[in-house]
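One letter stands for each residue in the lines below.
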Amino acid sequence: NFMLTQPHSVSESPGKTVTISCTRSSGSIASNYVQWYQQRPGSSPTTVMYEDNQRPSGVPDRFSGSIDSSSNSASLTISGLKTEDEADYYCQSYDSSRGVFGGGTKLTVL
Amino acid sequence: EVQLVQSGAEVKKPGESLKISCKGSGYIFTSYWIAWVRQMPGKGLEWMGIIFPGDSDTRYSPSFQGQVTISADKSISTAYLQWSSLKASDTAMYYCARQATVTSDFDYWGQGTLVTVSS
C-alpha cells in the first residue's frame, strides 16, 4: 500500500504559474498512471488530467501534467492562472486495482 | 449524453440501514465500471470500491471492506451502495463515478448523495 502526499494549500496571483506536487510514498510513481481532479465548492470533481499528462477535451492547455521518477512524484502545472482555477485539486492513482487519492490541495488565486 | 443520477439526500439514525443509488444513462451500463467515493465534511476524496455491472465483479478498499456493500442491477442500469448499520462517522457526501477500465480515470461523476447520520 502507498500514500499520495500533496501540499495542503498553494496560492498564486492571476496570470502566474503554479505547480502542485503529488508524492508517492512507496513504489514507483511510474508504476501506475496518475490522474488529477478539480473540485470547486459545492460541485462534483472533474478530470483535468489523466494518464499522467493527457488532457481531456475541454480542459485548457494551460493545464499540464508530468511525473518525475527522481522525486517519485507527479505534478500538475497551471499557467496563466485565472480566478476560475481556484478550487481543490486531487491526484489519484492505483494500488493494484484499488484507487488511492492524495489528500487534496486548495489552490487560491489572489 | 452520459449521465449518472444519484438518489437524494438521506437523514438516518445510528444503527439504521441505508441503500443509495446511482443510475447511469446515455451509455452501455454493463461496459463500464462504477466507483464509489466518499467525502467527509470538509475533507478529501476517498476511494471506497468499484463494481463492473456486466458481471458484478466488485473490489473494495481495505478501509471499507466489510463496512459497506456495493451492488448493481444491470436491468435498470443502477449501482448501489449500502450500509446495514450506520454510524455517525458515515456522515458524508458519496459520489458515484464511471470509469472505462479498472485503472482509468473517472470520466463522469454523479451529483453526490449527502448522507447524515445523527441521533
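Computed from a predicted structure; not experimentally measured. (Residues numbered from 1 in each chain as written. Chains lettered and ligands numbered in written order. Predicted model: local features only at pLDDT ≥ 70, side-chain atom pairs only at ≥ 80, totals over all residues. Heavy atoms only, no water.)

Asks: Describe unusual backbone geometry, naming the residues involved and giving the relevant values.
Replies: Residue and element names in this part refer to chain A. We note that Asn72 has phi near 50 degrees; this positive angle belongs to a residue other than glycine. The topology assignment puts Asn72 in the loop between strand E6 (63-68) and strand E7 (73-78). The exposure class assigned to Asn72 is buried, which follows from its relative accessible area of 15%. (Helix = DSSP H or I, 4+ residues; strand = E, 2+ residues; numbered from the N terminus. Buried < 20%, exposed > 50% of the residue type's maximum accessible area, 1.4 Å probe, protein only.)

Asks: I'd love a proper account of the state of the cysteines, names of residues and values included.
Replies: Tallied over the entire structure, the rule returns two disulfides over all chains. Note that Cys22 of chain A is cross-linked by a disulfide to Cys91 of chain A, the S-S spacing being 2.1 Å. Taking the sign of the torsion about the S-S bond as the criterion, the disulfide between Cys22 of chain A and Cys91 of chain A, at about 80 degrees, is right-handed. Placement of the pair is Cys22 of chain A in strand E3 (residues 18-24) and Cys91 of chain A in strand E8 (residues 87-95), with a sequence separation of 69 residues. An identical accessibility class is assigned to Cys22 of chain A and Cys91 of chain A; each is buried. Through a disulfide, Cys22 of chain B is tied to Cys96 of chain B; the S-S separation comes to 2.1 Å. Torsion about the S-S bond of the Cys22 of chain B and Cys96 of chain B cystine: about 75 degrees, corresponding to right-handed handedness. Taken as a pair, Cys22 of chain B in strand E3 (residues 18-25) and Cys96 of chain B in strand E9 (residues 92-99) lie far apart in primary sequence, 74 residues in all. In this pair, the class of Cys22 of chain B matches that of Cys96 of chain B, namely buried. (Disulfide = S-S within 2.5 Å.)

Asks: Lay out the sheet that holds strand E8 (residues 78-83) of chain B in plain terms, naming residues and giving numbers.
Replies: Residue and element names in this part refer to chain B. Pairing in this open sheet of four strands is antiparallel, and the strands run E1-E3-E8-E7 from one edge to the other. Unpaired on one side and paired on the other, strand E1 (3-6) and strand E7 (69-73) mark the two borders of the sheet. Taken pair by pair, the neighbouring strands of this sheet meet at an average axis angle of 20 degrees, ignoring direction. Pairing geometry for E7 and E8, over five bridges, is antiparallel. (Pairing = 2+ DSSP bridges. Axes fitted to C-alpha atoms, helices over the stretch in contact; angles between N-to-C directions.)

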